[in-house]
Amino acid sequence: MIKDLNYYNKKIKEIWPDESHIGKELIFYIKEKLDLNDLSLFVDNHKFSKEEENSINDFFEKKKNGIPLDYILQKSSFYQNDFFVDERVLIPRPETEILVDYINNLNLSPGMKILDAGVGSGCIGASLAKLNPETLIYGVDYSLAALQVAKINKQKFNLSNFYLINSIWLNSLKENMFDIIVSNPPYVAPFDPHLEELKHEPISALVAEQNGLRDFDLISSQAIKVLKKDGLLAFEHGNSQANEVRNIMINYGFKNIVLINDYQSQPRITLGKK
């Protein structure tokens, strides 16, 4: 049987009758993976070759297992760049772009040192390094697997000002070293029901003890020493954690606390000065 897009759309409706987004994901996958366009798919009614069918069948098998499209494509768009991602790191979220926006708009001076604590794929640190080539951006992570992914993105964007360090948070860093520390640490509580939807993402990058607050406490306690005078600490956190994160930062001596909302007007980023 010769198979076209209509054939696969019918198949999607049979397997996932209540999940229309998978049809859109398939079209995106076909365009990215098979290098086909709207004209081929919707006007010329492209008939897929056996090799193309095998690729589409691979998409179906992975979607049946609940694997996110970004992992299937091994690519995720963040801050107008395509980052390499796989199941060693979290998929970048649009809300995190707000954190990059804020730091990038601070008129960073040449030679400033910025730390991305919990670098993961490198999406925060690499974006800042790409936008500010005269600054020095460091990415720290305890996970060697995550650092391997960050290294791929460092090389992909040819970032000579982006340095990667293996460390448990800020343990191995010198005092008064950084002008800015940014972090999107694990902040999901261990028994949060949303974890089922995130089962393919690395649990260690998602979950923190103390109802999701442990790493905010640990990083704040270290950052107050590692930051220079008047240095900035910026956290991304869950939308119900703003007050707790603010109190943690104040407890360790941070001042001038500022809260930033996300695109849904939910409090998602908290900043403070040493």
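Provided above is the structure to which this section pertains.
So, here's what we can say about the structure. A quick note: this is a predicted structure, and the numbers were derived from the prediction, not measured. (Residues numbered from 1 in each chain as written. Predicted model: local features only at pLDDT ≥ 70, side-chain atom pairs only at ≥ 80, totals over all residues. Heavy atoms only, no water.)

Regarding the packing of aromatic side chains
Pairs of aromatic rings are described using the distance from one ring centre to the other and the angle between the two planes. Applying the stated criterion to the full structure yields 13 aromatic pairs. Relative to Phe216, the ring of Tyr187 has its centre 6.4 Å away and its plane inclined at 25°; by these criteria the two rings are stacked. With Tyr187 in the loop between strand S6 (178-183) and helix H9 (209-212) and Phe216 in helix H10 (residues 214-226), the pair connects residues that are 29 residues apart, well separated along the chain. Take Tyr187 and Phe216: they sit in the same class, and that class is buried. One aromatic cluster is present, built from ring pairs that chain together Tyr7, Tyr8, Trp16, Tyr29, Phe48, Phe59 and Phe60. The positively charged end of Lys11 is found above the aromatic ring belonging to Phe60, 4.8 Å away from the centroid. (Phe/Tyr/Trp six-rings, centres within 6.5 Å; stacked < 30°, edge-to-face > 60°. Helix = DSSP H or I, 4+ residues; strand = E, 2+ residues; numbered from the N terminus. Buried < 20%, exposed > 50% of the residue type's maximum accessible area, 1.4 Å probe, protein only. Lys NZ or Arg CZ within 6 Å of the ring centre and 35° of its normal.)

Some details on the side chain of Ser220
The residue Ser220 is located in helix H10 in this model. Residue Ser220 is classed as buried on the basis of its relative accessible area of 0%. The residues contacting Ser220, other than those within four sequence positions of it, are Leu233, Phe235, Ile248, Met249, Tyr252 and Phe254. (Contact = heavy atoms within 4.5 Å.)

Here's the deal with the pairing of strand S5 (residues 162-166)
Taken together, the 5 bridges between strand S4 (residues 136-141) and S5 define a ladder with parallel strand orientation. When the bridges of S5 are listed, Gly139 appears paired with Leu164. Handedness of the crossover is the feature at issue here: the chain leaves S4, passes through helix H8 (residues 144-156), returns alongside S5, and the resulting connection is right-handed. (Pairing = 2+ DSSP bridges. Right-handed = clockwise from strand over helix to strand, strands pointing away.)

What about unusual backbone geometry?
In this model, Asn176 sits at a positive phi of 55°, which is unusual for a non-glycine residue. By the element assignment, Asn176 lies in the loop between S5 and S6. You can call Asn176 partly exposed: its relative accessible area is 46%. Here the phi dihedral of Asn256 falls at roughly 50°; this positive angle occurs in a residue that is not glycine. Following the sequence through the fold, Asn256 ends up in strand S8 (residues 255-261). In this structure Asn256 comes out as exposed when scored by relative accessible area, which is 55%.

A look at the packing of helix H1 (residues 5-15) against helix H4 (residues 50-64)
Two elements in contact, H1 and H4, have axes separated by 13 Å at closest approach and are oriented at 15°. When the axis of H1 is compared with that of H4, the two are roughly parallel. Between H1 and H4 lies a crossing whose hand is right-handed. The residues of H4 that touch H1, namely those facing Tyr8, Lys11, Ile12 and Ile15, are Glu53, Ile56, Asn57, Phe60 and Lys64. The residue makeup of the contact of H1 with H4, split by class, is 5 nonpolar, 1 polar and 3 charged. (Axes fitted to C-alpha atoms, helices over the stretch in contact; angles between N-to-C directions. Parallel < 35°, antiparallel > 145°, perpendicular 65-115°, else oblique. Left-handed = near helix turned anticlockwise from the far one by under 90°. Nonpolar A, V, L, I, M, F, W, Y, C, P; charged D, E, K, R; others polar.)

Here we look at the pairing of S6
Sheet faces and side chains relate simply in a regular strand, where the side chains alternate between the two faces. The element S6 is largely enclosed, with a buried count of 6 among its 6 residues. Judged from the 5 bridges that link them, S6 and strand S7 (residues 227-236) form a sheet pairing that is parallel. Bridged to Ile181 within S7 is Leu233.

Points about the environment of Gln74
Secondary-structure assignment places Gln74 in the loop between helix H5 (69-73) and strand S1 (76-78). Judged by relative accessible area, Gln74 falls into the partly exposed class, the value being 40%. In sequence terms Gln74 and Glu87 are 13 residues apart; their C-alpha atoms lie 8.9 Å from each other. Filtering out sequence-adjacent residues up to four positions away, Gln74 remains in contact with Phe83, Phe84, Val85 and Asp86.

Read these as layout, nothing more, since geometry by itself doesn't imply function.
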